[in-house]
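One letter stands for each residue in the lines below.
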Amino acid sequence: MIHRRTLLGAAPFLAGAALLPGWAVRAAQPLVSLPTFFDDLGCRTFNFFWERANAGNGLVPDRWPTPSFCSIAAVGFALTAYGIGVARGYVSRADAASRTLTTLRFFDQLPQGPAATGVAGHKGFFYHFLDMQTGLRYGQCELSSVDTALLHLGMLFSAGFFDGSDPAEQEIRRLALDLVDRAEWPWFQNQAGDISMGWGPEKGFIDHYWTGYNEGMMVLLLALGSGRHPVADGAWDNWTRTYARSWRGQGMGRHLAFAPLFGHQYSHMWVDFRGIRDAVMREAGFDYFQNSRRAAYAARAYCMANPGGWRGYAADIWGLTACDGPGHAQFSVDGRERRFHGYSARGPLDQPDGLDDGTLSPTAALGCLPFAPEIVVPAALAMKERYGDRLYGQYGFLDSFNPSFIGPAAQSDKGQVDPVTGWVATDYIAIDQGPILGMMANYQDGLIWRVMRGAATLRRGLRRAGFTGGWLPSGPG
């Protein structure tokens, strides 16, 4: 199995009277208005997690309808989706709490250890992919630091959202916080203090570490904020010291670049970076939220310029990220020799880890909704209008599409090819569905951000990383 990134080369939650002044999980805020289409999109996207999860154990498939193993990252997105479902009226609080508790109880009982089989994880971390029924390691996939981080962020959200006094919600908080704190983060570090992307019993640690600007922010913050097994001081400095290759642009367009847009979205779905800055951003003069806004504009500008001359790219049709593709093929389109790829991380060619084969993904734009709604809303509406039911179905937007994959040689077993509009993916992918729903919630009323501000693990990690200002309290806890 291939890790998503290899494609690119106990302090409890505050509760009750201990909540931060002026902050409450259930504090109602008016929803920011969006076109009515987004109501349908939100409901359909939520239903992906609610209906496709294994109700008996809470595991969520990596993709659907293609038969699939569970992705632990997908479970993290699902745990977050359940709270959004309650807030938006898609599901009752009791039903969401029950599904959440089923999930946490299952992970609590999964066996761990160094063996290659018969376990779900090791040292408090979990394997990237698990069997949908047994929860045990699927194939020879890696023990993943970033996918465990995504799972843990979903657990921390559950602990914060389900803040009631009834036994079920109390158990949710206890299990979620205990599971998060089991991860032995120092074990994942090398002698230089860098955190590896993964480990396997067959070959040991993956010789790729969290360096350069990307989605690894959440890994470092959770490692620094752990209540039981935190990494030593200096881990964040090790991380930011590798930013040099990532800076792109000038003036108001200068930003830390990472070609696939998911790198600017994943950590931000759970962490409210507005108004808080580490040493790097204090020197730069803006925060990481603004950085992602600039990245969204840079991604759109690249698609508008369209240096590769791909079909379909436009001011309102843009978005490059890790997603499905039509498959590995090479043939001539519009008089130019074209090379296409399957599942790959895509982004502007002038940025770190750039790859462009004409494949666009709705989640790439929609995951930027809080950063740049003025360009994201038109993109969502334009994709729906132009591609209709070919791209928008039972669970909202299918994963991706490629208008240039067209002509007699355009044969794909990973999607459907139309002679006019090109290729569209067959599947919904959970880790691409998650940012659509989550970032819509953050844009409309800051739901996830409000909940996560109360997470002691996250606040501790941010402070140890040197973040100050804004909503982040300076004291302990």
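This structure is a prediction, so every number in the text was calculated from the model and none was measured. (Residues numbered from 1 in each chain as written. Predicted model: local features only at pLDDT ≥ 70, side-chain atom pairs only at ≥ 80, totals over all residues. Heavy atoms only, no water.)

S.K.: Please provide a residue-by-residue account of the sheet that holds strand β8 (residues 204–205), values included.
M.R.: Taken together, the three strands give an open sheet; going across it, the order is β6-β7-β8, and neighbouring strands pair in antiparallel fashion. Pairing within the sheet leaves two strands with one partner each, and these edge strands are β6 (143–144) and β8. (Pairing = 2+ DSSP bridges. Helix = DSSP H or I, 4+ residues; strand = E, 2+ residues; numbered from the N terminus.)

S.K.: Residues and numbers for the packing of helix α2 (residues 72–88) against helix α13 (residues 430–445), please.
M.R.: Closest axis-to-axis distance for the α2/α13 pair is 9 Å, and the angle between their directions is 35 degrees. As α2 packs across α13, the resulting crossing turns out to be left-handed. When α2 is examined against α13, the residues Ala 73, Ala 74, Phe 77, Ala 81, Ile 84 and Arg 88 are found in contact with a partner set consisting of Ala 430, Ile 431, Gly 434, Pro 435, Leu 437, Gly 438, Ala 441, Gln 444 and Asp 445. Of the residues in the contact of α2 with α13, the class split is 10 nonpolar, three polar and two charged. (Axes fitted to C-alpha atoms, helices over the stretch in contact; angles between N-to-C directions. Left-handed = near helix turned anticlockwise from the far one by under 90°. Contact = heavy atoms within 4.5 Å. Nonpolar A, V, L, I, M, F, W, Y, C, P; charged D, E, K, R; others polar.)

S.K.: Describe the pairing of strand β19 (residues 422–425), listing the residues and the values that go with them.
M.R.: Inspection of the sheet shows strand β17 (residues 401–402) paired to β19 by two bridges, in the antiparallel sense. Across the sheet, the residue bridging to Phe 401 is Val 424, located in β19. When strand β18 (residues 415–418) meets β19, the two strands line up antiparallel, connected through four bridges. Along β19, the bridge assignment pairs Gly 415 with Ala 425. Between β18 and β19, which pair antiparallel in sequence order, lie three residues.

S.K.: Go over the packing of aromatic side chains with me, naming the residues and quoting the values.
M.R.: Summed over the entire model, instances satisfying the criterion amount to 44 aromatic pairs. Summarising the aromatic geometry, the rings of Phe 125 and Phe 188 are spaced 4.7 Å apart at their centres and angled 75 degrees between planes, so their arrangement reads as edge-to-face. Taken together, the residues Phe 125 in strand β4 (residues 125–126) and Phe 188 in the loop between α5 (167–181) and β7 (198–200) connect sequence positions 63 residues apart. Since its relative accessible area comes to 0%, Phe 125 is described here as buried. Since its relative accessible area comes to 1%, Phe 188 is described here as buried. In this structure an aromatic cluster arises from ring pairing among Tyr 213, Trp 236, Trp 239, Tyr 243, Phe 273, Tyr 288 and Phe 467. Over the aromatic face of Phe 286 sits the side chain of Arg 294, whose NZ or CZ is 4.0 Å from the ring centroid. The positively charged end of Arg 338 is found above the aromatic ring belonging to Trp 310, 3.9 Å away from the centroid. (Phe/Tyr/Trp six-rings, centres within 6.5 Å; stacked < 30°, edge-to-face > 60°. Buried < 20%, exposed > 50% of the residue type's maximum accessible area, 1.4 Å probe, protein only. Lys NZ or Arg CZ within 6 Å of the ring centre and 35° of its normal.)

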